[in-house]
Structures are given as structure tokens and as C-alpha cells.
Amino acid sequence: MDPMTIVTQYNLLQNGPPEESKLATYMKRQNNASPQSSLYTTLSKNYSNLDINQSPLSMKKAVDNFQATIPTVDFVPRNLVSSLNNPDGSSMYTKDKSQPIQAYQKNVNGTTYFYPPDTNGTNQPNGNIFDDPSGYLPMPSVESPTSSLYAQDDLRRDLLHRNALSMASPDSDQWPDLPENIEDYHDVYPLDIYGHSSKILSYSTSTYRATNSKTGEKCCLKRIHGFRLTITKYAPLIEAWKKINHANIVQLKDVFITKAFNDSSLMFVFNYHPDSESLQTRHFNSNETLNGYNDPFSSDPNAPRPYSHTKNAILRHQHSNGLLSENTLWNYAIQLSGALRAIHGSGLALRGLGLNRVLVTGHVNTRARLRINCVAITDILLNDMASSNMIGHFQQEDLTDFGKLLLALACRSLIAVHQDNLATSIDLMARSYSSDIRNLIRYLLSSQRRHITELMPMIGARFYTQLDAAQNHSDNLENELSKEMENGRLFRMLVKLGSINERPEFNLDPAWSETGDRYMLKLFRDYLFHQVTEEGRPWLDMSHIVHTLNKLDSGSSDNICLYSRDEKTILVVSYQELKQCLEQSFCEIASVAASDDHIKAE
């Protein structure tokens, strides 16, 4: 042994072992032993004869004697021991000196993992895994045995919530004048909060969810009240917008004029995305907004002024709303820049990109999906057929609006985008974010001629981060889908079995389900669902049911032994034979059912 190692061990003996050392843990584990007796005394005796000038053979013999004095004990991670200490310094590790409470331990592939006892002192894992800071013992997470068989709870909850929103029915008392049909759309449901309509330019608007009678798809209908102009001349423009199919744009499906509301209403039909909200609703207080941004010259005495206390007002909004992470800002910038690139690349302009025109779907900012909403509405309501030269001007305005949107999000204040506050807002933003996001916003707000494609070098490698996150999210969704995609197939097998088993009468034969092939299916049903243990308790095993149904559906050649309930009948059949019996019996039922329907129809 290295002499320096022996010196270190000797110093430990003279000064006492460190409180956090394993040796101290070993000493504390000795029940009813004082620090001056037993192990410590023996160690002192063995170490007292150690001399650095001794020969290596003598030193090795002394060390062997020292190691032989240490009893073999199981090591429990020190954080587990410390976690069981009371605030008063007493230990919860033992109820009393004679009854130690052993930590729960589990052996996995030859490695022992320790878990703390629960509040009742029982040796069961409570789900809280204590990681050793030194990494001495890795602690695996404890998962439910069936967690890999079903979709994640949060994903299932979100999908169920969206389905509930898609299936909601209107209250006839609250909306008595709501039409049952709007041209080719039925199941009309208002989406405006409390039935209040909004405004676009000088027109009042309302939003509805409806179902397309031809395709069965859920759609979002944007109604423009009292529109008295024709839209024939806008047909080329409408077709151009309908061709844009982008992940970050709510696609326009149709535009028409209807009399369903007892007036001339212009209807824009978009894709429906349930459980969405605007960026303005998600990130800003409702009392801070007015048509997207605050009016700095409002007559309201409580409204902030552009010249007085502007900096303090912006800081107050940042403090009350909380700053967004820079990853979230880049996530939003990448998605919106992609949408603007698709719009500008089609020779169109959005004309009015605001916080209230961007929908957010998803509750995690880093995975939130942004979609620009209400496209083509401004073009038609302004009633100006913009020339190609004006399109370029409108696209420059889109980039300016894009910069203001990002600046408002970075400052978490709507007064930050006022022309007189831009310099102050950019200065405040630079204190919390990198120079890259500041340069991006400055470029978008500059007076030089800009192009949407020039944003890509500023985004840089962050685009790959966003792409990687999107692909990982897609992989996760595919993994969750793979857990559920077989449900329909197995459900059809159960429907066929349920239609045959215990049928009271068929073709005037009350014993039809108890004879022939149907009797084997009855025994198979008992084998599938009604097995018991040796003690007579019900035996429930989901994997057994799924595995057996899969074999039945595939027509496996494996044999299965079926018993009658009185155990007087034993049948050995293959899954292939059972599948043939199932198909023949169900086809017999289906043919009679179809013939009955045909007779009733005649």
C-alpha cells in the first residue's frame, strides 16, 4: 500500500473521521456503541503501532489487521440518513434504540438501491428518489407498470378538453337568434366570450364554430356584420390566400355572403383550432390593452403617458407580468418569420400583424404553436385593390409590425411599442436579453428596406434547435399514438365476441349461442375474462387479454386449452380455428341484420 495512503488514514484517526465520510457512517450504524469503545478503540490500537519508517511488509500487515476489524455492513447513502433526521437533531431512523427501521432496498441486476421509508415507517418506496450527490449510487425512477401502455395523462387531458370544446352545444336561452344553419354549415356555436362581438376597422365582428355539411370538418366562421359590398372582384385575391397552407397560418377555406342573420353578413371560413388564445390574452393583462396596443393619448387619467414616467411604467409592467425567456422569444420569432416568409413569397401582405391576430395553441411556451389568424380580411374590408408597388410597401409594414410585436413581448408592456418609447424600450430590453435578439428587433424597426429572408442569418443555429424540438415533439406524439392505434382493432374483436356470446335467440333458435362453433367462443370468452387463481380469486391481467386477442386476430396456429365451467368438457383448438368460428358466426348475424333492414326499407 502507498505510504501516503497510510499517512492519510493515520491523520483521520488522530483528528477523527469527517462527519460526511463513509467511515463515520459505519461508526454511527453500530447500535449501542460509544465513540471510545468497540471499533474506535480497536482502530486506535492498530494504528498506534504504525510507523512511516516501517518496511512495506510490516505496514501491509498492520493495514490488514486494521481492515479486519471493520465489520461488514450495508452502506446507506448519506443523504438518506440525513433526510431521516428530525429538526431537533434526533434521528427518525429508529423508533427506539432496540427497533431500527430499515430503509427499503431493491436489487436490480446485482446493484442494491435504497429508498426511504414512508411516514408510517413501512419498508415501501414512496416514489421520492434520493440521489447521492457524489453519484455513488444511481437511483432509478419508479414508474407504474402500466405507464407505457397508455397515453400520457397531460396529452390525454388536452385532447379530451379540445374534443369537449369541439362538441359543445349552444344555450338557446343565451343566444336565441342564433341560426341553425349558415349556408353549408350547421351545428353553429358562438366563440365570442359572453356573446360580445369585436371590431375590425369600422365593422363589428362575431366568431362561430360550425361543421361543414359536405366534409364533416369543424370550421371557424368569422362574421363581418352589415357588409353591403360585393366580393366578386376579390375572387383572385381570395384564391391566392386559400392556396397558402402553412403550419403557422390559420388557413382560409372560403369566403361568402349570407342572409342567415337577417342582414348582409360577410363570412370568412378558417380552419378551427380549439383551445387556442391570442398572444395578447396569454401574455398581457386585459386592462392593459386597447385594440392590440394602448393608446398613449387616452383620456383615461390612469393610462401611462409617453413622455412622463414611461420608463417606470414599462418596468412596472415587466415586474407584474414577468419576463419571457429568451428561448420563448426566439421560438415565437422563428415561427412568425416562417409565416411571413410564406405570405410575402406568395406576393401578399398581412397588413396589420398584432398580438391579437396571433393564436397560441399549447400550454408550454417552448412547444407552443403560433398561427397568424384572420388573413385576407383587411384586404377586403379596406376595399382597395392594391397594386404590385403597394404590396411591397405593405410588406415593409408587416416587418415593422413584427418588430413591435417582439419588442412588446420582450418588455411585457404594450406601451413599449409607441414611437416615442422605442429607444427606451430597446435599452430596457438589452438589459435582460442577448445582443442577438436586440439586433433582430432593431433591424425590423429600422427605416431601411428589409426582406424577410434576411432574418435567417440573424436566427442562425437557433433554427436547428427549434427544428430539433419540433421533431422530438413529433416523435413523442407518434410514440403516444402507437400505444392507442391498436385499440380500434381489438375493439372490433370484442364487438364481434359480444354480439355472439350469450345471444338469447337467433333465427328462432334460443340455443344458437350455446351450440356448435358458438360454444367454443363461449369457452374462449371464459378463458379470456373469467379465469381465477388457485384460491378462487378473480385473475385480472391486461397483458393476457391483449396478447390473446392479438393471437385471435392474427389467426395464430398456437393451440389453446378451453374448459367448461363444470370442467367436464375440455377442448384443444387453435386460434386459427377460433377465428374461423368467430368470422362465420358474426357474418351469419350481420347477413340477417342486413336482410331485416332491407325488408324494413321496402
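These figures come from a predicted structure and were not determined experimentally.

For the pair helix H17 (residues 487-500) and helix H18 (residues 517-529), interaxial distance at closest approach is 10 Å and the crossing angle is 125 degrees. For the element pair H17 / H18, the angle class is oblique. Between H17 and H18 lies a crossing of left-handed hand. Each of Leu494, Leu497 and Ile500 in H17 lies in contact with H18, whose residues at this interface are Arg518, Leu521, Phe524, Leu528 and Phe529. Class assignment of the residues belonging to the contact of H17 with H18 gives a composition of seven nonpolar, no polar and one charged.

What follows deals with the sheet that holds strand S12 (residues 276-278). The antiparallel open sheet is built from three strands, whose spatial order is S12-S13-S14. The sheet is open, and its two borders are formed by S12 and strand S14 (369-372), each paired with just one other strand. When strand polarity is set aside, the average angle formed by the axes of neighbouring strands in this sheet is 35 degrees. Sheet topology note: the strand S13 (residues 358-361)/S14 ladder contains four bridges and is antiparallel. Bridging from a neighbouring strand, Val358 pairs with Ile372 of S14. Most of the contacts of helix H10 (residues 326-345) go to S14, to which it runs at about 35 degrees, and overall it touches S13 and S14.

Applying the stated criterion to the full structure yields eight aromatic pairs. Residues Phe268 and Phe270 carry aromatic rings whose centres are separated by 6.4 Å and whose planes lie at 15 degrees to one another, so their mutual orientation is stacked. Owing to a relative accessible area of 0%, Phe268 belongs among the buried residues under this scheme. Residue Phe270 is classed as buried on the basis of its relative accessible area of 1%.

The side-chain alternation of strand S15 (residues 559-563) yields one buried face, formed by Ile560 and Leu562, and one unburied face, formed by Asn559, Cys561 and Tyr563. Summarising the sheet, S15 and strand S16 (residues 570-574) pair through five bridges and their orientation is antiparallel. Counterpart to Ile560 in the pairing with S16 is Val573. Counting the residues between successive antiparallel strands, the hairpin from S15 to S16 contains six residues, one of them, Glu567, with a positive phi of roughly 60 degrees.

What follows is about the pattern of salt bridges. Counting across every chain of the model gives 17 salt bridges. Among the ionic pairs, Arg282 bridges to Glu277, the shortest N-O distance being 2.8 Å. Across the pair Arg462 and Asp436 runs a salt bridge whose closest N-O atoms are separated by 2.8 Å. You can see Arg462 sitting in helix H16 (residues 462-484) and its partner Asp436 sitting in helix H14 (residues 435-445), a full 26 residues away along the chain.

Structurally, the position occupied by Arg525 is in helix H18. For Arg525, the contacting residues outside a window of four places in its chain are Asn501, Glu502, His530 and Arg565.

Our next topic: the packing of H10 against H16. A pair of packed helices is captured by two measures, namely the crossing angle of their axes and the spacing between those axes. In the contact formed by H10 and H16, the axes pass within 10 Å of each other and the chain directions differ by 90 degrees. Accordingly, the angle class assigned to the pair H10 and H16 is roughly perpendicular. Facing H10, whose interface residues are Glu326, Trp330, Asn331, Ile334 and Gln335, H16 presents Arg462, Phe463 and Gln466. Classifying every residue of the contact of H10 with H16 gives three nonpolar, three polar and two charged.

In the numbering used here, UniProt assigns the "coiled-coil region" (unreviewed entry) feature to residues 461-499. The distance from the first to the last C-alpha atom of residues 461-499 is 58 Å, and the span holds 92% helix and 0% strand.

As a further point, take a nonpolar patch on the surface. Taken together, the side chains of Met456, Phe463, Tyr464 and Leu467 present a nonpolar region at the surface, about 390 Å² in accessible area. With three residues, the single largest contributor to the nonpolar patch is H16. Topologically, Tyr464 is positioned in helix H16.

Procedures and definitions
- Residues numbered from 1 in each chain as written.
- Predicted model: local features only at pLDDT ≥ 70, side-chain atom pairs only at ≥ 80, totals over all residues.
- Heavy atoms only, no water.
- Axes fitted to C-alpha atoms, helices over the stretch in contact; angles between N-to-C directions.
- Helix = DSSP H or I, 4+ residues; strand = E, 2+ residues; numbered from the N terminus.
- Parallel < 35°, antiparallel > 145°, perpendicular 65-115°, else oblique.
- Left-handed = near helix turned anticlockwise from the far one by under 90°.
- Contact = heavy atoms within 4.5 Å.
- Nonpolar A, V, L, I, M, F, W, Y, C, P; charged D, E, K, R; others polar.
- Pairing = 2+ DSSP bridges.
- Phe/Tyr/Trp six-rings, centres within 6.5 Å; stacked < 30°, edge-to-face > 60°.
- Buried < 20%, exposed > 50% of the residue type's maximum accessible area, 1.4 Å probe, protein only.
- Salt bridge = Lys/Arg side-chain N within 4 Å of Asp/Glu carboxyl O.
- UniProt positions renumbered as here; feature names shortened; annotations may be inferred.
- Patch = residues over 30% accessible without salt bridge, like charges linked within 9 Å, V, L, I, M, F, W, Y side chains within 5 Å.
- Areas by Shrake-Rupley, 256 points an atom, 1.4 Å probe, with all protein chains shown as cover.

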